[in-house]
Every structure is written in C-alpha cells, then in structure tokens.
Amino acid sequence: MTDQPPTDQDLELASAYLDGEATPDERARVEADPQLLARVDELRAVAGAVGTGFTPLTEEQAASQRRRAIAAKPIPTAPPLPARRRTPLPSPLIAAAVVVVIALAGIWLVIAAGNGSSSDKDSSGASTGATTTQRSGGGATSEATTTEVPDLGSFPTRNALTAALQRSDVTTLAATPGTANATAKAARLSIDRCEATIEAGQPELGERLAVATARLDGSAVYVFSHPVRDKQPPVTQLTVADQQTCRVLFAIQR
Amino acid sequence: MAGPDDDHLVSRAREGDPAALDDLLRRHHDRIHGVCRRLTGNDADALDATQEALISIVRGLPRFDGRSSFSTWVYRIATNAALDELRRRRRRPVTSLDDARPGRREPAVSGPSVGEAVSDRLAVDAALAQVPLEFRAPVVLRDLCQLDYAEIAEVLDLPAGTVRSRISRGRAMLAARLADPGGNSGPPTDRRTPRP
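Right, let's walk through the structure included here.

Let's talk about the overall build of chain A
Counting its regular elements, chain A contains 7 helices and 6 strands. Its helices and strands in sequence order give chain A the pattern α-α-α-α-α-β-α-β-α-β-β-β-β, from N to C terminus. Here chain A holds 254 residues, and 38% of them are scored as buried. Once local pairs closer than 6 in sequence are excluded, the contacts in chain A between residues at least 24 apart make up 58%. Surface accessibility of chain A: about 14,400 Å² in total, with carbon and sulfur atoms responsible for 58%.

As structure tokens, then:
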C-alpha cells in the first residue's frame, strides 16, 4: 500500500525494474526505496492480469483457422508486362520455313479429309481440334484417362513463358505464337488434381477455360486459364503449376 | 519457439511444404491469439483478427526477408491485424488521448484493490479497453508475450525509450482503471490512435 501518488519517474523506474530493463543504478535506487518496491509489487499484479485470464482457442478452432489460412495461400503473381507488343517480323529464312510448314500442313489436311469419311463415326472424342479439356463430369474416367491438350513448348525462363502467355489465346491456349503447337497427352486426373489445388487457394477463379502443357526450365508444367470472377473489364488468369507437385509457380492476369 | 527451428520451418514452408507451414502457424498460434484477444478485448473480434493474422502470415511469407526474427514479424502482423479489426468494428471504446498526455498524473494505485480486480477477467478486459491502443499494445506485448523492450520497439517501430515510458504509463492507467473502474478516466471515445 502506498500513500503518496507516484510520480511518472517513479512509475517508469518501477516498471523498468519489474521487466529487468533498469540500469544497475536504477536497480539500486529501487531496492533502496520501500515505496518503489511496493510500486513494483502493484505493477507485477497488473502485468500478471494482462498475461492470463482469457479463454484460449480450442484445438478444433485453431486447426480450422490454420486450414483456412493455408488454403488462402496466394500464388506469386508475375509483374504485369507492358501492353501487348507485336513480335518483330521474322527473318526471311524463318518466314520461308513457316510457309513450307503451313503448306505441308495444308496438304496433310487435304489427305486426312479424303480419308476421313470412313472414320467419321468414331472420331468424335479424339479429333485434332480437341485442344481444350473440359472439367470432368464425374463418371467420365473411362472416356479419357488421357486427354489431349496443347503443348506450348519449352521455355528456358519464366519471362519467356510469360511473354508467350501474354500472346496466347486464353480460351484455348492452343495458338501461342512462337511456340510449338503440338499436342501432348496428359492424364486428366493429374490435371484435375492440380486444378483443384489451385482453385482451393483462389475461390475467385471461375470455370476453367483451357489447359495446356509446357516445359519451363526443363520441368513439366501445366498452364491453366481461368476467368476471374466479378472483374470488369473481364480478366483472365493464366496459372503455371508444376505437373508433379501441383505447386503454383506463378500466374499472370490479362 | 527457438529461432533456428523457426528458420528451418520458414525455409521449408517457403518451398511449398504445407506440413512445415502448419507447424509454423501452430507454434505461434496461441501467442497470436493472445495478442489479438488482449488488444481487441473480446473473443469474437479476437477470433477474426487471429484468422486475418494467420492469412497475412501465409500470404506474406514469400516476402519475409529475415531481417527481423520470425516471431517479431509474426507479432507485428498480429498487432496490426488486431488494430485493423478494431478499426473495422469501431465499437471498442478507448480513452481520450488527452488522458495519456505527458504530465497527467494517474491516481494512486491501491494494492489490495488491484489484486481483487485482476482476479475478475471481465474487469481486466474492461480496464484494458480503457487504455489507449498506443499504450495497450506495448503492455500486451510485454506482459503477455514477454518480449523485451528492444523487441517491442521493433514490432511497433518505436524508439526503445518510448516503449519504456509507454509500458510504464500503460500499466499505470490499467492499474488505475482496475482500482477505480468507474472513475477519472474521462468519457470513452471512438477515436483511434495511430498504428504503433
């Protein structure tokens, strides 16, 4: 019990003493003064009250909170690129090569059309035009344990892939200038697993528009295209995820 | 909460290991909740603030640069989450800043009265709610989290000398409110203190 109101200096001294933050001189002064020691005892009771006396979280509450926090993990978003730029015109040799490839593709299409009449009735699920996968509807595993998806090619760096994605058609991901546009087979279950992982962390994403494969610095990746809900003007997110772990490597929004 | 263990878990969590991330959050969860609980003054707001803090930690982990210890960083996030929650709700009265100006003398503290009051958890909540946030935060970080003054200074971005005086004055205000819950604290106000 103290009789006189303590000064601010006395209170600060007693408080610092209580916390072990007083200098040796200050400690000596407090220990020599019964009134200051009494202040220390009073402040000790106050300090004890702050540290105790509330109900801790239940383990169930805590686990639920951690799950939500981990599910909210964001994806690292690549810095926005400047406005779309036209790629410079290719050199004459490359242009000539492109013309030859297109011509060969045209010839092949003509031949394929000539042979196609006999097989039209059973080609519905695996046509060359099936460049996007649809969300699995539940009982469709027998239809496609493998699914054809466009392959965007190999990219040595994230920036190179980002640049290609900036030029891609977000609704198919198939026509990505400057990249190989061959198809590749990928397991639908693997795609769905990775997509579920992405969607769990980003509820704002809408129904998938397209998926493609690519290689980034030697690693196989998926590229998912999703609309972002409630965005005006509309925004599409292209998410790049490791095929093995489904870990999101980065994403861009367009 | 050994530092090296935190560092190891942080490293693994940043590499995408969800178990490490869960361990990291689990390790600090109680303290985060404690800070939020004591700063917001009620269970519901504390729950929301704690959730926000956890999400902020997860989202901010890629940007955690290790210049401060992980626990210091976590306390800063928890403190800010609690202050944000209070700002959002705008329903926790705090004492006018005029009450906290230098030179204002707190009423004498009576030992037995304080002792009786601290046994009443509601009284402690009510008394803490009357302590302005700029004083409440350092008191909570000291008395609940046992941070030293240098760590509190880092969490709140304040000079260590300011931390020392604010803890002292905050405790004095708290003791005064516990000893005399209805008196001499001035009208509650919704005025917010600057983020520490």
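From this point on, the discussion continues.
Some details on the side chain of Gln-237 of chain A
All names here are of chain A. Tracing the backbone shows Gln-237 in strand 5 (residues 235-242). For Gln-237, the side chain forms a polar contact with the side chain of Thr-239, separated by 3.0 Å. At 2.7 Å, the side chain of Gln-237 and the side chain of Gln-253 are in polar contact.

A look at the state of the cysteines
All chains considered together, the criterion is met by 0 disulfides over all chains. Free cysteine Cys-36 of chain B: the closest other cysteine sulfur is in Cys-145 of chain B, separated by 9.8 Å.

A closer look at unusual backbone geometry
Comment: phi is negative for the bulk of residues other than glycine, and the bulk of peptide bonds are trans. Even without being a glycine, Asp-217 of chain A presents a positive backbone phi close to 50 degrees. Looking at Asp-217 of chain A, the relative accessible area reads 61%, which means it is exposed. Backbone geometry at Asp-157 of chain B places phi at a positive 55 degrees, although glycine is not the residue there. Secondary-structure assignment places Asp-157 of chain B in the loop between helix 8 (149-156) and helix 9 (160-179). With relative accessibility at 69%, the residue Asp-157 of chain B sits in the exposed group.

Some points on the pairing of strand 6 (residues 248-253) of chain A
Successive residues of a regular strand alternate their side chains across the two faces of the sheet. All names here are of chain A. Across the 6 residues that make up strand 6, a large majority, 5, are buried. With 5 bridges joining them, strand 5 and strand 6 adopt antiparallel strand pairing. Counted as the bridge partner of Gln-237 is Gln-253 from strand 6. In this structure, the hairpin formed by strand 5 and strand 6 is closed by a connection of 5 residues, where Cys-246 is found at a positive phi of approximately 65 degrees.

Definitions and cut-offs
The residue numbers shown here count from 1 along each chain, following its written sequence. Labels follow written order: the first chain is A, the first ligand is 1, and so on. In view of the model being predicted, local features appear only for residues whose pLDDT reaches at least 70, and side-chain atom pairs are presented and counted only at 80 or more, with totals across whole chains, interfaces and linings using the full set of residues. Neither water nor hydrogens contribute to the side-chain values; these are computed over all heavy atoms in the structure. Numbering of helices and strands runs from the N terminus, with a helix taken as a DSSP run of H or I at least four residues long and a strand as a DSSP run of E at least two residues long. Each residue's exposure class comes from its accessible area (1.4 Å probe, protein chains only) as a fraction of the maximum for that residue type: buried when under 20%, exposed when over 50%, partly exposed otherwise. In this analysis, two residues are considered to be in contact whenever any of their non-hydrogen atoms come within 4.5 Å of each other. For every accessible area listed, the method is Shrake-Rupley and the probe measures 1.4 Å; residues are considered covered only by the protein chains on display. Counted as a polar contact is a pair of N or O atoms within 3.5 Å, where, for protein atoms, one must be capable of donating a hydrogen and the other of accepting one, and residues adjacent in sequence contribute only when both atoms are in side chains. Disulfides are defined as pairs of cysteine sulfur atoms found within 2.5 Å of each other. For two strands to pair, DSSP has to find at least two bridges joining them.

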